[in-house]
Amino acid sequence: QVQLVESGGGLVQPGGSLRLSCAASGMIFSIVGMGWYRQAPGKQRELVADITNGGRTNYADSVKGRFTISRDNAKSTVYLQMNSLKPEDTAVYYCNVLWRAVNFWGQGTQVTVSS
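Now for a look at the structure at hand. (Residues numbered from 1 in each chain as written. Predicted model: local features only at pLDDT ≥ 70, side-chain atom pairs only at ≥ 80, totals over all residues. Heavy atoms only, no water.)

## Comments concerning the state of the cysteines
And step 1. Taken as a whole, this structure holds one disulfide when the rule is applied.
And step 2. Here Cys22 is linked by a disulfide to Cys95, with a sulfur-sulfur distance of 2.1 Å. In this structure the cystine formed by Cys22 and Cys95 twists about its S-S bond by roughly -85 degrees; its chirality is therefore left-handed. With Cys22 in strand 3 (residues 18-25) and Cys95 in strand 9 (residues 91-99), the pair connects residues that are 73 residues apart, well separated along the chain. (Disulfide = S-S within 2.5 Å. Helix = DSSP H or I, 4+ residues; strand = E, 2+ residues; numbered from the N terminus.)

## Remarks on the environment of Gln110
And step 1. Mapped onto the elements, Gln110 comes out in strand 11 (residues 109-113).
And step 2. Note: C-alpha distance between Gln110 and Gly8 (102 residues apart in sequence) is 8.7 Å.
And step 3. Aside from chain neighbours lying at most four places away, what touches Gln110 is Gly9, Gly10, Thr90, Ala91 and Val92.
And step 4. Here Ala91 takes part through its backbone oxygen, which lies 3.4 Å from a polar atom of the side chain of Gln110. (Contact = heavy atoms within 4.5 Å. Polar contact = N/O pair within 3.5 Å; in protein donor to acceptor, adjacent residues only side chain to side chain.)

## So, the environment of Thr112
And step 1. Locating Thr112 in the fold gives a position in strand 11.
And step 2. Accessibility expressed as a relative area gives 25% for Thr112, which makes it partly exposed.
And step 3. Considering only alpha carbons, one finds Thr112 and Gly9, 103 residues apart in sequence, at a separation of 8.0 Å.
And step 4. Dropping the residues within four chain positions of it, Thr112 is found in contact with Gly10, Leu11, Val12 and Thr90.
And step 5. Within the structure, Thr112 has its side chain in polar contact with the side chain of Gln110 (distance 3.3 Å). (Buried < 20%, exposed > 50% of the residue type's maximum accessible area, 1.4 Å probe, protein only.)

## Some remarks on the pattern of salt bridges
And step 1. According to the stated counting rule, one finds four salt bridges in the structure shown.
And step 2. Across the pair Asp89 and Arg38 runs a salt bridge, and its minimum N-O distance is 2.9 Å. Pair noted here: Asp89 is in the loop between strand 8 (77-82) and strand 9 and Arg38 is in strand 4 (residues 34-39), with a separation of 51 residues, a long-range link. Each member of the pair, Asp89 together with Arg38, is buried. (Salt bridge = Lys/Arg side-chain N within 4 Å of Asp/Glu carboxyl O.)

## A closer look at the sheet that holds strand 8
And step 1. Taken together, four strands build an open sheet; the order of strands is 1-3-8-7 and the sheet is antiparallel. With partners counted over all chains shown, the strands left at the sheet margins are strand 1 (3-7) and strand 7 (67-72), one partner each. Each strand axis lies, on average, 15 degrees off the axis of its neighbour in the sheet, ignoring direction.
And step 2. As paired strands, strand 7 and strand 8 are joined by six bridges and run antiparallel to one another. Looking at the pairing, Ser70 lines up with Tyr79 of strand 8. (Pairing = 2+ DSSP bridges. Axes fitted to C-alpha atoms, helices over the stretch in contact; angles between N-to-C directions.)

Dropping the structure here:
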(Lines give C-alpha, C1' and ligand atoms only; values in the text may rest on other atoms or scores of the structure.)
Protein backbone atom coordinates (compact mmCIF):
# COMPACT_ATOMS: atom_id res chain seq x y z
CA GLN A 1 0.00 0.00 0.00
CA VAL A 2 1.04 3.61 -0.50
CA GLN A 3 2.87 5.22 2.39
CA LEU A 4 4.17 8.75 2.71
CA VAL A 5 6.36 9.58 5.69
CA GLU A 6 7.32 13.20 6.31
CA SER A 7 10.18 14.37 8.49
CA GLY A 8 12.25 17.47 9.14
CA GLY A 9 9.79 19.78 10.84
CA GLY A 10 10.52 21.70 14.00
CA LEU A 11 10.82 25.06 15.68
CA VAL A 12 12.86 27.72 13.91
CA GLN A 13 13.35 31.45 14.33
CA PRO A 14 12.14 33.91 11.69
CA GLY A 15 14.63 34.06 8.86
CA GLY A 16 15.79 30.52 9.48
CA SER A 17 15.68 27.43 7.29
CA LEU A 18 14.33 23.89 7.39
CA ARG A 19 14.33 21.02 4.94
CA LEU A 20 11.36 18.68 4.89
CA SER A 21 11.57 15.17 3.46
CA CYS A 22 8.84 12.82 2.33
CA ALA A 23 9.76 9.18 1.77
CA ALA A 24 7.30 7.36 -0.47
CA SER A 25 6.62 3.67 -0.93
CA GLY A 26 4.01 1.44 -2.53
CA MET A 27 4.04 3.20 -5.91
CA ILE A 28 6.24 3.73 -8.95
CA PHE A 29 7.71 6.95 -7.64
CA SER A 30 9.45 8.03 -10.83
CA ILE A 31 6.20 8.37 -12.78
CA VAL A 32 4.15 10.41 -10.31
CA GLY A 33 3.94 14.06 -9.46
CA MET A 34 4.33 14.97 -5.80
CA GLY A 35 3.11 17.90 -3.76
CA TRP A 36 3.61 19.66 -0.46
CA TYR A 37 0.59 21.20 1.27
CA ARG A 38 0.20 22.97 4.58
CA GLN A 39 -2.58 23.67 7.01
CA ALA A 40 -2.45 26.37 9.66
CA PRO A 41 -4.82 26.39 12.65
CA GLY A 42 -8.28 27.53 11.59
CA LYS A 43 -7.37 27.62 7.91
CA GLN A 44 -7.91 25.37 4.93
CA ARG A 45 -5.17 23.14 3.62
CA GLU A 46 -3.33 24.86 0.79
CA LEU A 47 -0.85 23.88 -1.88
CA VAL A 48 2.69 25.02 -1.16
CA ALA A 49 4.56 23.48 -4.08
CA ASP A 50 4.41 20.57 -6.45
CA ILE A 51 6.73 18.82 -8.86
CA THR A 52 5.92 16.71 -11.91
CA ASN A 53 7.56 13.40 -12.74
CA GLY A 54 9.68 15.36 -15.22
CA GLY A 55 10.83 17.84 -12.59
CA ARG A 56 8.65 20.80 -13.50
CA THR A 57 7.84 22.82 -10.39
CA ASN A 58 5.03 25.08 -9.26
CA TYR A 59 4.84 27.29 -6.16
CA ALA A 60 2.28 29.24 -4.22
CA ASP A 61 2.88 32.96 -4.57
CA SER A 62 3.49 33.25 -0.83
CA VAL A 63 6.58 31.00 -0.97
CA LYS A 64 8.09 31.83 -4.37
CA GLY A 65 11.76 32.69 -4.07
CA ARG A 66 11.99 31.22 -0.56
CA PHE A 67 11.01 27.54 -0.93
CA THR A 68 12.38 24.94 -3.31
CA ILE A 69 10.81 21.56 -4.05
CA SER A 70 12.97 18.76 -5.43
CA ARG A 71 12.91 15.01 -5.81
CA ASP A 72 15.32 12.09 -5.75
CA ASN A 73 13.81 9.22 -7.70
CA ALA A 74 16.55 6.82 -6.59
CA LYS A 75 15.45 7.37 -2.98
CA SER A 76 11.72 7.76 -3.72
CA THR A 77 11.86 10.98 -1.75
CA VAL A 78 10.61 14.52 -2.31
CA TYR A 79 12.08 17.48 -0.45
CA LEU A 80 10.99 20.97 0.47
CA GLN A 81 13.80 23.37 1.26
CA MET A 82 12.38 26.33 3.17
CA ASN A 83 14.48 29.46 3.57
CA SER A 84 13.75 32.90 5.00
CA LEU A 85 10.96 31.44 7.07
CA LYS A 86 8.25 33.72 8.40
CA PRO A 87 5.81 33.30 11.30
CA GLU A 88 3.01 32.95 8.76
CA ASP A 89 4.69 29.78 7.44
CA THR A 90 3.74 28.07 10.71
CA ALA A 91 1.58 25.08 9.85
CA VAL A 92 1.44 21.32 9.59
CA TYR A 93 3.07 20.35 6.30
CA TYR A 94 1.77 17.35 4.36
CA CYS A 95 3.13 15.35 1.48
CA ASN A 96 0.65 14.31 -1.20
CA VAL A 97 0.46 12.01 -4.20
CA LEU A 98 -2.30 11.03 -6.59
CA TRP A 99 -1.83 7.34 -7.36
CA ARG A 100 -4.32 5.30 -9.38
CA ALA A 101 -6.94 8.02 -8.96
CA VAL A 102 -6.64 8.05 -5.17
CA ASN A 103 -5.19 10.93 -3.16
CA PHE A 104 -2.74 9.84 -0.48
CA TRP A 105 -1.44 11.98 2.38
CA GLY A 106 1.33 11.65 4.88
CA GLN A 107 0.80 12.10 8.60
CA GLY A 108 2.16 15.65 8.50
CA THR A 109 5.09 17.38 10.15
CA GLN A 110 4.77 20.50 12.28
CA VAL A 111 6.70 23.62 11.32
CA THR A 112 6.69 26.46 13.83
CA VAL A 113 8.37 29.77 13.06
CA SER A 114 8.70 31.87 16.18
CA SER A 115 11.21 33.89 18.14
